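# Understanding the architecture of this molecule
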Amino acid sequence: MTTIQDELRETARTLLAEGQVDCVLGWAWEEELQRAVPCFVRAAEDAKRLIWDERCVVSLAPFLLHMKRQLSSVRTEPSRTAIVVKGCDARGVVRILRDQQLERDEVLIIGVVCQGVGDPDNRPAKCRECQYHVPPVYDLLLGEEPKETQTPSSPLLERVREIEGWDVADRASYWREHFSRCLRCYACRQVCPACNCVECIFDSERTRWTYKRTTAEENMIFHAIRAFHVAGRCVECGECERACPMGIPLMEINKKVASDIKELFSVPDAGVDLREEPPLVRYETGDLDHFV
Amino acid sequence: MKRVGVFVCHCGSNIAGTVDCAAVVAAARRIPAVAYAEDNKYTCSEVGQEQIRKAVQTHNLDRVVVAACSPRMHEATFRKTIASVGLNPYMLEIANLREQCSWVHSDRQAATAKAIDLVRLAVAKVLYNKPLFTSTLPVKKRAVVIGGGIAGIQAALDIAEAGHPVTLIERSQSIGGRMAQLDKTFPTLDCSSCILMPRMVDVGAHPMIDLMTYSEVEEVDGFIGNFRVKVRQRAKSVDHSKCTGCGECTEKCPTQVPAEFEAGLGERKAIYTDFPQAVPNKPVIDRDHCRYFLDGKCGICRKVCQADAIDYTQTDRQVEIEAGAIVVATGFDLFDPAKYGEYGGGRYPDVITGLQFERLISASGPTNGEIRRPSDGRVPETIAFIKCVGSRDEAHGVPYCSRVCCMYTAKQAMLVKEHAKDSKVYIFYIDVRAAGKGYEEFYQRAQTDAGATYVRGRVAKIFPRGEKLVLWAEDTLIGKQLELEVDLVVLATGIVAREGAVEFAQKMGISYDGHRFYSEAHPKLRPVDTNVDGIFLAGACQGPKDIPDTVAQASAAAVKVCSIFSKEELETNAMVATVDENICAGCFHCRAVCPSGAIDSKILHAWVAGQDVTRRVATVNSGVCQGCGSCAAACPSGAMNVGGFSNEQILGEVEAL
Amino acid sequence: MNKSKRDWEPRLVGFLCNWCSYAGADLAGTSRMQYPPNMRVIRVPCSSRVRPEFILRALQKGADGVLVAGCHPGDCHYTTGNYYTRRRFQVIKRLLTFLGVDPRRVMASWISAAEGGKYQQVVTEFVETIRELGPCDFRPTNGQIFVPAADERTDLGVVS
Amino acid sequence: MHKDNPYLPSLATIQGIEDLTSDVRLLRVTLPAGFSYLPGQCALLSILGVGESTISITSPPTQPEYMEFAIKRVGKVTEAIHEAEVGEQIGVRGPMGNHFPVEMMRGKNLLFVGGGIGLAPLRSMIKYAFDRRSEFGHIDVIYGARSPQDICFFKELTESWPQQPDTAVYLTVDRGDEAWSGHTGFVPAFLEEIAPSPQDCLAVTCGPPIMIKFVLQSLEKLGFSRDMIYTTLEMKMKCGLGKCGRCNIGDKYVCVDGPVFSFAELGELPNEF
Amino acid sequence: MTELWRIKKCDLPAWLNIWREEYELWGARPEGPVMRYGPVADATELVLQVRTRDSAKNMFFPATETMFSFRHDEQGLELNQQLPELKARLLVGLPSCDLQALLVMDNVFGGGGHADPYYSGRRQYTVVVGVACEPGEFFFCQDFGFGPDTPTGADLFLWDDGSNWLAQAFSEAGARLLQAGDWEKVQATVPNRSGPGGWVSADSVARLRERFDDPRWERLGERCLGCGACAYVCPTCHCFDIDDMPHGLEGGERYRRWDTCAFAGFTAAAGHNPRPDQTGRIRQRVMHKLVYGDFRSDRSLCVGCGRCVAACPAGIDIRAIAREAVREKKEVKAGA
């Protein structure tokens, strides 16, 4: 029976051949690297290099955003790019669209049904928690809706509750120890679909927002501010933690903020609905204020 | 290096009393960026300001820090001072050494150390100040006056007389407000309608005044010079263009309901005018009680109306008025006597409020001016007036004095002499407050001519005995308990803010105090302004006051409105948001949080890689922007900034902590 | 540079909204209400002007506690400003608590232009809470922060 | 440079400030001890607390008591320099980079083609040549600016330099105004008009990148070979020691191997400047 | 056969602990989920023959360091240097590639006529013990002329001899280390395994130099997200930024921190950026590493440790780029 990968290659080939899109962004297998990497296919006959299986961990949404900001993709006449997305990547694409960094007609979303990626017996936390085996937004969908999906556990949420249980001093030293490893390479920022500013305040030359020192407490300030800037917009795709060369558990922070926002303002998940409003730029007169 | 001038004020002894100003100046001189520092006794005085001007010129300072009282007091003054010597007025920061330092700390060393730190913060901020400029906006030369009492009437007339169009909005059927319910007014005892009615007629007839009665303000937005007031004109069910005001319909209307105007002592019909001399003197139908609207029967008024003016099909209409300034004159309510269970207010029919008593003695009142007991209609032989009911009472009532009760109780005592000359009058009081012009003499006449017996002491309890009412009280002057049997008790209930005053203030965006009276911008310097430019206050909605003060305040508010309308254009706020178009990503989080809709978008063209590329960025309408800075906080990349409170300025202050 | 608790004076920062809280503070002044001098006030047009970057930089620069004060919800001079503050502040406070900053160090309060007494009470209680909590250990660990010599560094002076 | 810590600036006092145009200011600072340099070299000026910026030295080394820098207000540091006052201390680090090929230029005719603020590095060499006039041949100075108000060193260009022996100064502006009686037109066209002979002549040109591109074509058209045309590169530099990697183009570090390059050398570099 | 010293592997920690009074012990040990170089209290914590996630460069060229502080006072400006305090350190466990990297860094910071006092202050008093490494994922050191057993750069090098270590000293500091601990002199052959390689050849370097304007750089530019992961884990990336940090109104400090050509603002100067997008930036990194090299010692700036290949979130592989350069233009390989 035809696998999703075959359908994907066929779809990509026809899209390129018919000129509906000028590029299909998907995964390709790198033998030497033993990893699936993002690959921009522009010629129809190269469509056969596209793969789809559980090795396709990288989220392609940030590459769509950054690719559009390169000089090579500057065009006056409208161009359309297809992107292959699993559930969490689709939320990343919705994030980029909702932050108005791309027009809806610039993107053709090819959704694939995903049962989880990475190492089968040690799935990443986001897959064990995943409720979007079918991408929430797509133009084309490959693969059928899974009949029964195992009930998603929530390892990350439990970890967050566990950390919340510690007393303040333990939490402070836990994070200080993690943040002392941070090199400020900004991989977490560059792979984040919600971090789509043209110039980040941490790169600003004009305004002295913070200092560019990598002491433990200035790294804490960087991560606290970044977590706040994406608060309510983070789609929990887990890319920041995957990209961090120093293995800092960033998803624990994002999960904490996401669960707080869901609890405080009872808003739906980020990046699911194309008409969603980021919760921190809206208000309800009836919002509770526990802190006063 | 930027050249900062620091001017530390003694404010007489207000600051110098607790803060060692010389030490503050010495510390300021040690800051590298400070080119000149001095202290003077009164910086805000002409001498003080001259010293600043001279120092700016001789030491060619490019920015100034004044360490004195709160910026809310003299920021505008000092901006003019430095502008007069060529500096941009916004190259100024104020360190609040008085209200937030010398007045609130007693330890001299700690206060001085804090003062030095506050000056450091101000200097750190001023280093990042940038010249700001105002732009201009056209002024809509129409005023909206909300509330048709004496305050609203006076303000409307003054503005109209100055040649500007006014829309006067009144919630009830007729203008006149509380004053129309009064019989006589103190201290001259001239009849209330005699001085009020001509004004009401003037308003009704004035070509420049559009009168909108039976209407309520729903929403106000915009800003000074460009307000948009949404008003809901409730359906009157009477076509006032046809109605001649003959009164036939009111005559024939079968439905009787308690009349708000009569304070519960009288009744009115379903189709009614508030009182005979109402303006407009054309009735409205109270749809909550009119039989036609309740169960579809009746319709007598339509039958009897020769002018065929009755129109049941009328619906509420929403009107939007563009106005350059607004005067709020929404008046007051009276304290609910029922809160004093021990007085039996609202339970014993013969315990009435001062307003109800006013209706009794009023010729157009339910008893045509005769003082009669609501219970059995007899003329009361002895009447007891009790003052400070609700006022000056932390526990059950309000802590403040309502200013008018002493005078209107004295007046009512004198009127008892006219209407029921052989009735005996007792007045229970704590203090007598008669501070106005001719007030004290009026109070003495109440004692001598009216023969009122003033008993100093609070009444403890009132209870009925047979047809009489028994008062237990204590005469604190002679220290004796006394029991008094009277026929009628009049409670001088205090003035409280209108019910719904808070919602209205939130609608207008103006602030209100702990007792829900609207807050003036500054009690002494700007008593009729509110914190929203272009919205002014008149009358008791700002706090208890008598008619002379109300009228004075109304005229003051009118002059403020006219001063706005005297200019062709208005200077806009200089401290507005600005966009750095190089780093704006066009995510428009700013637009989502902007309260005044000041943020729009525009397309930027750029020549990139040999092609004309476009991208969308935010723009700010500096006329509409009020400088709240909410957008600057919502903008992740810091592209959005606010003049006067820019990211750099605030970060500079934090840096100098 | 962690001073021992004995001779340490809490350093607090207050971001006060110009229309309500700053006016409330002024009212406390005109009413001569006394409160400890540990609070440094930074005036902002609206409490919604305060960004988390300001709060964190203040903690980094040696503040032991940060207050954000604004009008009561509904009273905001800009009608909706403090609604956003309310949402943002709750998120940043829980986030900082999660990252190891003691929740009592960062507080918000609605203080209207008429509540001079409440401002006095908020400041006094805040100083006591922080005095009990001790200095904030947020200062840089290995960075050699250069601070002017103690005598010029206008510390708060010892309040007996 | 400080002998054991090349990052430590030495402190020089600002002696004089003169505004050449609305956004270009001439700064005269004391010469730090042991600071010797050759024309074309740069120095790193520091406003402590704001940052450091690479500025070419515009005074000739033959001027013993002071150094001059012409600073255009373009960024954070240059803005802070513009706010500095006479008598203030400013950090100076350097000299940095190579210098004009003074040995090669001895005995030759010299052609200086400058645009806008580009005249600053050339002025160092021009005044050096005037102080040692006999060692050099005929000197032509061709200078262009956007408008008469943007002309730097107006007095020297119109009064002192033309008086120098065997020296010709040609001035043009892109857009003249009523008070301007001189030549109007772009520098490359003006250069071809003047057509100085490439015979035994070395050309040096500095200015905005577009002007340099066309001046190069004109010079080649006039017969100048690429290894006889020099320029200085305007790059972002931080350490000035060839360590921080910022100014690396191809095999060269502009702050150590440059900023003066011949066009022959520039030809070999990838075009990333 | 050369004269070497031998010690049992189990006795190595004891030997190292002897030197703890004189030296501060540094080496690879776990830090959170990653393996990093750092100080250890006891030699038993050290893990040998393991590839750390980032390099040892931050021992000598830390991610942030204050260069000098300054104060404005009445007399004007006052500067004082903040040179690192000099303490003797014993760094154990560097594989050959990290040793070579140290030589590269010595050249960059020490050479070129202006020695960097901060780097040399930390480098002078550090004794380096190299250890033969177990080649693993993504290594390509052989392409740069050395293998897992190449001792150059170490004061003392340990070869793997089954259950023993064979050691040879290359400096007196190294020799002095052998005076303590139960070392025995032996005659043995120095192992000389050749390392993984075959990606970067002289030919690929030449082709890369020619192909500066090859459109395939744009394909790479699309995939490079512009983060600094590759540069900050790389043992030879030495770019840094200098910034000023005021303290209040009276003074401040000038500090430097790591920087990378991948960042957008690296070459942005007052409105003009010669490398406007990621194409120019990823090209600069590859060219500077493999082609331009270090002008002070004209050797490649890459030591083939493969850390950047492991760290890149976008899966960009410098080895594949080098190999790709020698392939003809028409045949495009996956991923490039």
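Residues numbered from 1 in each chain as written. Chains lettered and ligands numbered in written order. Predicted model: local features only at pLDDT ≥ 70, side-chain atom pairs only at ≥ 80, totals over all residues. Heavy atoms only, no water.

Before going further, it helps to examine the overall build of chain B. A count of helices and strands for chain B gives 19 helices and 34 strands. Projecting the C-alpha coordinates of chain B onto the three principal axes gives extents of approximately 90 × 70 × 40 Å. Across the 657 residues in chain B, those meeting the buried criterion constitute 58%. Restricting to contacts in chain B with at least 6 residues of sequence separation, those with at least 24 account for 69%. Taken as a whole, chain B presents about 25,500 Å² of accessible surface, with 52% of it coming from carbon and sulfur. Of the side-chain charges in chain B, 74 are positive and 77 negative, and the distance between the mean point of each set is 1 Å. (Helix = DSSP H or I, 4+ residues; strand = E, 2+ residues; numbered from the N terminus. Buried < 20%, exposed > 50% of the residue type's maximum accessible area, 1.4 Å probe, protein only. Contact = heavy atoms within 4.5 Å. Areas by Shrake-Rupley, 256 points an atom, 1.4 Å probe, with all protein chains shown as cover. Lys, Arg positive; Asp, Glu negative; His and termini not counted. Charge placed at Lys NZ, Arg CZ, Asp CG, Glu CD.)

All told, the structure shown has two disulfides over all chains when counted by the stated rule. Note on cysteine connectivity: cysteine 191 of chain B is disulfide-linked to cysteine 194 of chain B, with sulfurs 2.4 Å apart. Taking the sign of the torsion about the S-S bond as the criterion, the disulfide between cysteine 191 of chain B and cysteine 194 of chain B, at about 95°, is right-handed. This cysteine, cysteine 239 of chain D, is not joined by any disulfide, and cysteine 244 of chain D carries the nearest cysteine sulfur, 3.7 Å off. Here cysteine 239 of chain D falls in the buried class, since its relative accessible area comes to 1%. (Disulfide = S-S within 2.5 Å.)

Across the contact, 53 residues belong to chain C and 54 residues belong to chain B. Taken together, the two surfaces of chain C and chain B that pack against each other cover about 4,700 Å², and 54% of this comes from carbon and sulfur. By the criterion of area lost to chain B, the three top residues of chain C are Arg43, Arg49 and Arg51 of chain C, representing 14% of everything that side buries. Viewed at the interface, chain B and chain C are joined by five salt bridges. Arginine 40 of chain C is the salt-bridge partner of aspartate 117 of chain B, the closest N and O atoms lying 3.1 Å from each other. (Buried area = accessible area lost by both parts, 1.4 Å probe. Salt bridge = Lys/Arg side-chain N within 4 Å of Asp/Glu carboxyl O.)

This part takes up the interface of chain B and chain A. In this complex, chain B contributes 23 residues to the contact, which on the side of chain A involves 20 residues. Between chain B and chain A, the buried area comes to about 1,800 Å², and carbon and sulfur atoms account for 62% of it. Applying the counting criterion to the chain B and chain A interface returns zero salt bridges. Linking chain B to chain A there are four residue pairs in polar contact (both at pLDDT 80 or more). For the side of chain B that touches chain A, the elements supplying multiple residues, two or more each, are helix H17 (589-593), strand E33 (611-620) and helix H19 (647-655) of chain B. Ranked by the residues each element gives to the side of chain B that touches chain A, the list is headed by H19 of chain B, at four residues. (Polar contact = N/O pair within 3.5 Å; in protein donor to acceptor, adjacent residues only side chain to side chain.)

This next bit is on unusual backbone geometry. All names here are of chain B. Residues phenylalanine 186 and proline 187 are joined by a peptide bond in cis, for which omega reads -10°. The topology assignment puts proline 187 in the loop between strand E8 (184-185) and strand E9 (190-191). Look at the link from valine 279 to proline 280: it is a cis peptide, with omega at 0°. Within the fold, proline 280 resides in the loop between strand E15 (271-272) and strand E16 (284-285).

Before going further, it helps to examine helix H6 (residues 168-180) of chain A. Note on helix geometry: an α-helix contains 3.6 residues per turn, so any two residues three or four positions apart are oriented the same way. For H6 of chain A, with 13 residues, the first-to-last C-alpha span of 18 Å sits near the 18 Å given by 1.5 Å per residue. On its buried face, H6 of chain A sits against helix H5 (155-165), helix H8 (216-229) and helix H10 (250-265) of chain A together with helix H3 (81-98) of chain C. (Expected span 1.5 Å × (residues − 1).)

The next point concerns the domain arrangement of chain B. All names here are of chain B. According to the domain assignment, chain B contains domain 1 (4-126), domain 2 (136-234 + 316-332 + 498-571), domain 3 (236-314), domain 4 (334-496) and domain 5 (577-656). For domain 1 and domain 5, the distance between their C-alpha centroids amounts to 32 Å. Taken together, the contact pairs five residues of domain 1 with six residues of domain 5. When domain 1 packs against domain 5, the two sides together hide about 550 Å² of surface, and 56% of this comes from carbon and sulfur. Three residues stand out in domain 1 for area buried against domain 5, namely Leu121, Ala124 and Lys125, and they jointly supply 81% of the buried area on that side. Between the two partners, domain 1 and domain 5, sit zero salt bridges. Linking domain 1 with domain 5 are one residue pair in polar contact (both at pLDDT 80 or more). For the side of domain 1 that touches domain 5, the element with the highest residue contribution is helix H5 (residues 108-126), accounting for four residues. (Domains from an automatic or database assignment.)

All right, on to the sheet that holds strand E18 (residues 325-328) of chain B then. Residue and element names in this part refer to chain B. Spatial ordering of the open sheet is given by E10-E7-E6-E18-E29, a layout of five strands whose pairing is parallel. Strands with a single pairing partner mark the edges of an open sheet, and in this sheet they are strand E10 (209-212) and strand E29 (535-537). Geometrically, the sheet is characterised by an average inter-axis angle of 20° between neighbouring strands, direction not taken into account. Relative to E10, strand E7 (residues 166-169) runs parallel, the two being bridged by four bridges. When the sheet's bridge partners are listed, valine 166 is paired in E10 with isoleucine 209. (Pairing = 2+ DSSP bridges. Axes fitted to C-alpha atoms, helices over the stretch in contact; angles between N-to-C directions.)

All names here are of chain C. Per-residue pLDDT for chain C averages 84, and the proportion of residues at 70 or more is 82%. In this model residues 141-160 is a low-confidence stretch, pLDDT under 50, and it forms 51 contacts with partners more than four residues away in sequence or in other chains. In the model output, the complex is listed with pTM 0.82 alongside ipTM 0.92. (pLDDT = per-residue confidence, 0-100.)

This part is about the packing of aromatic side chains. Under the defined criterion, the tally for this structure stands at 47 aromatic pairs over all chains. Here the aromatic rings of phenylalanine 463 of chain B and tryptophan 472 of chain B are separated by 5.1 Å at their centres, their planes lie at 75°, and the arrangement is edge-to-face. Given the relative accessible area of 18%, phenylalanine 463 of chain B is considered buried. For the pair phenylalanine 61 of chain E and tryptophan 258 of chain E, a centre-to-centre distance of 6.1 Å together with 45° between the ring planes defines the contact as tilted. Placement of the pair is phenylalanine 61 of chain E in the loop between helix H2 (57-60) and strand E4 (64-73) and tryptophan 258 of chain E in strand E12 (residues 251-258), with a sequence separation of 197 residues. The residues phenylalanine 61 of chain E and tryptophan 258 of chain E share a single accessibility class, namely buried. The ring of tyrosine 186 of chain A is capped by arginine 189 of chain A, whose NZ or CZ atom sits 4.2 Å from the centre of that ring. The ring of tryptophan 26 of chain E carries the charged tip of arginine 89 of chain E above its face, separated from the ring centre by 5.2 Å. (Phe/Tyr/Trp six-rings, centres within 6.5 Å; stacked < 30°, edge-to-face > 60°. Lys NZ or Arg CZ within 6 Å of the ring centre and 35° of its normal.)

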